[in-house]
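Tertiary structure, described
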Amino acid sequence: MRRRTFLATAGGAGLAASAGCLGGVSSVFGGGGNTVLGKPDDQTIRSANLPYPAYGQELPDVTLPAATTDQSVSVGDLDTAVVMTFFYSHCNTVCPFLISSMRKVQTNAIEAGYGDDVTFLPVTFDPKRDDAARLEEYAEMMNVDLDAGNWHFLRPDDHDHAKEVVQETYGVTFEKTSETESSMYMYNHLGLLLLANADGYVERAYTGNDPAGDRVWSDLETVLQA
């Protein structure tokens, strides 16, 4: 078995690969005997051919500050299931769906008595704007329960660190758009939500605009019951 839950004093570095935008919700498969769930129905793409962690692969071990606390989180030291995504709070396209799905799963997990058995890790790639105050406000807006202690907004130190962690290590590409007189800069990016078991192996990698919370919860519940 891998890991014990580890929350350290703020600080820590991240490591981080590249991807493109994908549409439609899908799961992709890899292999190995380290998963609870069977291979996803979509078996057209092997995990090894994808830029991001997928079925049967280990989550990369990174350590990042938790923006709303004075601690940092080491992914490789967690002994819980993990639900992870990559976002920025000013997004008005895929990110609200990703965070909303995670929040729904958080609610279901707490209500089912699994609140301590799963950790939610949304990682921002816009640390300039997504500071602690902004993310606390965003959590309230998205009805996230920060008091549950299982949700941590992870925030790289700066843009270069975000590129290192999110794009180079986790394979989630993001590209900043130009700022205009009438609008702030935004990002084009891959929408990805990862579900990993307590040993750190990816059970499902959901891509697209709306990884349905019910679907993610059903998969997570199966993993937790195992």
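Structure: see above.
Conventions we followed
- Residues numbered from 1 in each chain as written.
- Predicted model: local features only at pLDDT ≥ 70, side-chain atom pairs only at ≥ 80, totals over all residues.
- Heavy atoms only, no water.
- Helix = DSSP H or I, 4+ residues; strand = E, 2+ residues; numbered from the N terminus.
- Areas by Shrake-Rupley, 256 points an atom, 1.4 Å probe, with all protein chains shown as cover.
- Buried < 20%, exposed > 50% of the residue type's maximum accessible area, 1.4 Å probe, protein only.
- Pairing = 2+ DSSP bridges.
- Contact = heavy atoms within 4.5 Å.
- Expected span 1.5 Å × (residues − 1).
- Polar contact = N/O pair within 3.5 Å; in protein donor to acceptor, adjacent residues only side chain to side chain.
- Salt bridge = Lys/Arg side-chain N within 4 Å of Asp/Glu carboxyl O.
- Core = buried A, V, L, I, M, F, W, Y, C linked by side-chain atoms within 4.5 Å.
- Phe/Tyr/Trp six-rings, centres within 6.5 Å; stacked < 30°, edge-to-face > 60°.
- 1 Å grid on protein atoms, 1.4 Å probe; cavity = no way out; pocket = protein on both sides within 12 Å on 5 of 7 lines; lining within 4 Å.
- Points joined across faces, edges and corners; volume = space filled by probe spheres on them.
- Nonpolar A, V, L, I, M, F, W, Y, C, P; charged D, E, K, R; others polar.

Assigned secondary structure in the protein consists of four helices and nine strands. In the protein, the succession of helices and strands from N to C terminus is β-β-β-β-α-β-α-α-β-β-β-β-α. Summed over its atoms, the accessible surface of the protein is roughly 9,800 Å², and 44% of this surface lies on carbon and sulfur atoms.

Within strand β8 (residues 192–196), five of the five residues are buried, which leaves the element mostly enclosed by the surrounding structure. Of the two faces of β8, both are covered, the one formed by Leu192, Leu194 and Ala196 as well as the one formed by Leu193 and Leu195. Pairing geometry for strand β4 (residues 81–87) and β8, over four bridges, is antiparallel. Considered in β8, the bridge of Val82 is made with Ala196. Two elements, β8 and strand β9 (residues 202–207), share five bridges in a ladder whose sense is antiparallel. Following the sheet pairing, Leu193 is matched in β9 by Tyr206.

Mapped onto the fold, Asn150 is located in the loop between α2 (132–141) and α3 (159–169). With a relative accessible area of 4%, Asn150 lands in the buried category. Leaving out residues up to four positions away in the same chain, Asn150 has contacts with Gln106, Ile110, Gly115, Val118, Thr119 and Phe120.

For helix α1 (residues 94–111), spanning 18 residues, the distance from its first C-alpha to its last is 26 Å, which sits close to the expected 26 Å at 1.5 Å a residue. All of the buried residues along α1 are Val94, Cys95, Leu98, Ile99, Ser101, Met102, Val105, Gln106, Asn108 and Ala109. In the core, the buried residues of α1 are packed alongside β4, β5 (118–124), α2, β7 (187–189), β8 and α4 (213–225).

With respect to the helices and strands, Ser89 occurs in the loop between β4 and α1. Here Ser89 falls in the buried class, since its relative accessible area comes to 3%. In terms of polar contacts, Ser89 uses its side chain to reach the side chain of Asp130, at 2.4 Å. Side chain to side chain, Ser89 and Arg134 meet in a polar contact 2.7 Å long.

The next thing to look at is the pattern of salt bridges. Applying the stated criterion across every chain, the model contains three salt bridges. Close ionic contact of Asp214 with Lys104 constitutes a salt bridge, the shortest N to O distance being 2.9 Å. Note that Asp214 is positioned in helix α4 and Lys104 in helix α1, a separation of 110 residues in sequence. A relative accessible area of 47% places Asp214 in the partly exposed class. On the accessibility criterion, Lys104 (33% relative accessible area) is partly exposed.

We now examine the nonpolar core. Generally speaking, a soluble globular protein has its nonpolar side chains buried in company with each other. Counting 62 residues, the largest nonpolar core has Met84, Phe86 and Leu220 as its most contacted members. For this core, the leading source of residues is α1, giving seven residues. Apart from residues no more than four positions distant in its own chain, Leu220 is found in contact with Ala81, Val83, Val105, Val118 and Leu195.

Next up on the list: the packing of aromatic side chains. Here the structure, examined in full by the defined rule, presents 13 aromatic pairs. Centroid distance Phe87 to Tyr138: 5.8 Å. Interplanar angle 15°. Geometry classified as stacked. With Phe87 in strand β4 and Tyr138 in helix α2, this pair connects stretches of sequence that are 51 residues apart. Grouping residues by exposure puts Phe87 and Tyr138 together as buried.

This part is about the layout of surface pockets. Size it by volume and the largest pocket reaches roughly 170 Å³. Lining the largest pocket we find eleven residues, and of these Val36, Asn197, Ala198, Asp199 and Val223 sit closest to its centre. Its residues placed into classes, the lining of the largest pocket shows seven nonpolar, two polar and two charged.

Limitation: the analysis is restricted to geometry and does not speak to function.
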